[in-house]
Amino acid sequence: MKFMKLGSRPDTFYTDEAVRSVSSEVTSDLIVQVKGSRYLLHKFPLLSKCLRLQRICSESPETLQHQIVQLPDFPGGTEAFELCAKFCYGITITLSAYNIVAARCAAEYLQMTEDVEKGNLVYKLEVFFNSCILHGWRDSIVTLHTTKAFPLWSEDLRITSRCIEAIALKASTHPSKVSLSHSHSRRVRDDVSCNGVEGQRQRPAAKGWWAEDIAELGIDLYWRTMIAIKSDGKIPSNLIGEALQIYASRWLPNISRKIKATREPAGSNSDSDSASEVTSKSRLLLESIVSLLPSEKGAVSCSFLLKLLKAANILNVSSSSKMELARRVALQVEEARVSDLLIPSLSSSSNTLYDVDIVLTILEQFMLQGQSPPTSPPRSKLGTERRRRSRSAENIDFKLQESRRSSSASHSSKLKVAKIVDGYLQQIAKDKNLPLSKFIAVVETIPDFSRLDHDELYRAIDIYLKAHPDLNKSERKKLCRVLDCKKLSVEACMHAAQNEKLPLRVVVQVLFFEQARAAMTGGKVTDLPSNIKALLASHNIDPSKPPRALSTTTSIPGDDQWSTVSGLRSPKSRISTLRMKLAEDDDLDENDMNPDGMGRPSKFKGFCALPTGPKKMFSRLLSTNRNATEKS
């Protein structure tokens, strides 16, 4: 920290009956009032250096003993005025980054310029500011921070802009060439104590050494400083992202707790006003951080972006800021965790625990990025045109090939996102207020090929059915249409076959697909009874071929222990479960009715009407295939 001392005389100011005076053999003849404080001084030393006091005294009537001058709008208050007064008397004053802004504004107000006297206070302050303050890293930050108390004066005198330029220039400089701040020096000492001196010598200097120091600034000054740093173009985007994360963690902690306090009934109007002011400042801060986010993908982590999105939801920031965050999250949503996507819903129009709409927006944006590119341009029928293809046409083909590569590369991202979405579905399925339409909408945002299996989706569906026992038959069928039974594991099939909440159609499909799979594994496909083959054929299933995927997805609760469901190992259990389901759902729903109102024959009722002999054969087949599987 740099200091400057001016003057050589000892301090002779004293207070007597709330009046500040200066010890002198000469009688005082000037009274100056500054914001409620009174100073009993002398005209000669002050008027010889302050042009403004000269003009005021020349224009105001002179009394017999003291002339009174009032300065109600004096910048810096009594402390700044006393600094200027002591300078006029030649009394020693000490200037530093903490008081130079106030002294500079006060000197400008009193017009203590070179026009009045050579070597006046304005000149000396400018020399100290340019030669010392702006050359020091810490001094520049402290000075910039103090300009907040004098925003208009600091802007007019270019103190703010010069400090910002100096900070931005030093941020892109190697720390060895900058007078490091206290916080960075402390980090260096900690590294030495942990890693040893030799290890510290070999370790390269931290590139983002400046981030923690400028995080002390208020959001308005910080925003301008970061804009200057970004416009310089020398700082990588990932370091900009790290700096923003440091600033957010410094100024946005425990937002939910603060906002909850603001929404509780306030004891008085003043409490309500202060709470509203806190919310408004936090909202401005968050929107400013969003505007500073680097445009490059990966400059900030997906987890950080989702934390900002949670805060944006709590603070009710502008929809444009929310959409910008959602768009950025979509670019790297494959890095997200399920817990990051659980964004609290604070909407008065919705009673759901989580904001599903914003997650839907993220997933839709993600899918828009991964859309397959158009096919190559149609070939010309004329050979001459093909031979005369221009260089630009070849460039188009090259770009199309590149876009195909990027699209195929995004396939792995879709697989990762599908797993994240299925985990997210399991969490939101527990919400009793979650509408079925939103649950299905989240499921259908992910294409079918992205889910290699439907176990996790089935888990989510089962959780939703448990949390919503009032769903009618039609709603349960609509929910289970998103499930592909062919993509269920053996354990999931065993659980689903005994799941009383699933519609009959799903249970029958599970039993058939599992039986076909077991038959192929045991090599007994050709031994299937003709009536079973006919029933499988009625569902367009060829047991001799691997099952195709339907258009669905699944998952089941972890507490259901599929591997311990031993009852389904018995063929009798399978048949009894099927009979029970058939009996429960024997009536036809609206989808099983012909346009003329007559019920069409149900495939499942047809199965129920199978004679006893084939049913026994079906039971034997189950046991035979089970034994064959166990032997293999």
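Scroll up to find the structure this text is about.
Please read these numbers as outputs of a predicted model, since none were measured by experiment. (Residues numbered from 1 in each chain as written. Predicted model: local features only at pLDDT ≥ 70, side-chain atom pairs only at ≥ 80, totals over all residues. Heavy atoms only, no water.)

**Here's the deal with the side chain of Ser345**
Move 1: By secondary structure assignment, the location of Ser345 is in the loop between helix 17 (338-341) and helix 18 (356-369).
Move 2: Apart from residues no more than four positions distant in its own chain, Ser345 is found in contact with Asn313, Ser350, Thr352, Leu353, Tyr354 and Asp355. (Helix = DSSP H or I, 4+ residues; strand = E, 2+ residues; numbered from the N terminus. Contact = heavy atoms within 4.5 Å.)

**Side note on the sheet that holds strand 6 (residues 67-70)**
Move 1: Spatially, 2-3-5-4-6 is the arrangement adopted by the 5 strands of the open sheet, whose pairing is mixed. The outermost strands of the open sheet, each flanked by one partner alone, are strand 2 (13-16) and strand 6. Averaged over all neighbouring strand pairs, the angle between strand axes comes to 25 degrees, with direction disregarded.
Move 2: Taken together, the 3 bridges between strand 3 (residues 19-22) and strand 5 (residues 37-41) define a ladder with parallel strand orientation. (Pairing = 2+ DSSP bridges. Axes fitted to C-alpha atoms, helices over the stretch in contact; angles between N-to-C directions.)

**What to know about unusual backbone geometry**
Move 1: Backbone geometry places Ala18, a non-glycine residue, at a positive phi of 65 degrees.
Move 2: By relative accessible area, which is 70% here, Ala18 ends up exposed.
Move 3: Phi angles above zero are rare outside glycine, and Lys35 is one such case at about 50 degrees.
Move 4: Mapped onto the elements, Lys35 comes out in the loop between strand 4 (30-34) and strand 5. (Buried < 20%, exposed > 50% of the residue type's maximum accessible area, 1.4 Å probe, protein only.)

**Let's talk about helix 15 (residues 302-315)**
Move 1: Between its first and last C-alpha, helix 15 extends 20 Å over 14 residues, near the 20 Å set by a 1.5 Å rise per residue.
Move 2: Counting buried residues along helix 15, 12 of its 14 residues qualify, which places the element largely inside the surrounding structure.
Move 3: Following helix 15 by one or two positions, Asn316 adopts a phi angle in the positive range, close to 55 degrees. (Expected span 1.5 Å × (residues − 1).)

**Observations regarding the packing of aromatic side chains**
Move 1: As enumerated under the stated definition, the model contains 9 aromatic pairs in all.
Move 2: A centroid spacing of 4.8 Å and a plane angle of 35 degrees characterise the contact between Phe439 and Tyr464, whose relative ring orientation is tilted. Highlighted residues: Phe439 in helix 21 (residues 436-444) and Tyr464 in helix 22 (residues 455-467), separated in sequence by 25 residues. Here Phe439 matches Tyr464 in class, with each residue buried.
Move 3: By the ring-pair criterion, three or more aromatic residues cluster together here, those being Tyr39, Phe74, Phe81, Tyr109 and Trp153.
Move 4: The ring of Phe13 carries the charged tip of Lys86 above its face, separated from the ring centre by 5.8 Å.
Move 5: Sitting over the face of the ring of Trp251, Arg250 holds its NZ or CZ atom 4.3 Å from the ring centroid. (Phe/Tyr/Trp six-rings, centres within 6.5 Å; stacked < 30°, edge-to-face > 60°. Lys NZ or Arg CZ within 6 Å of the ring centre and 35° of its normal.)

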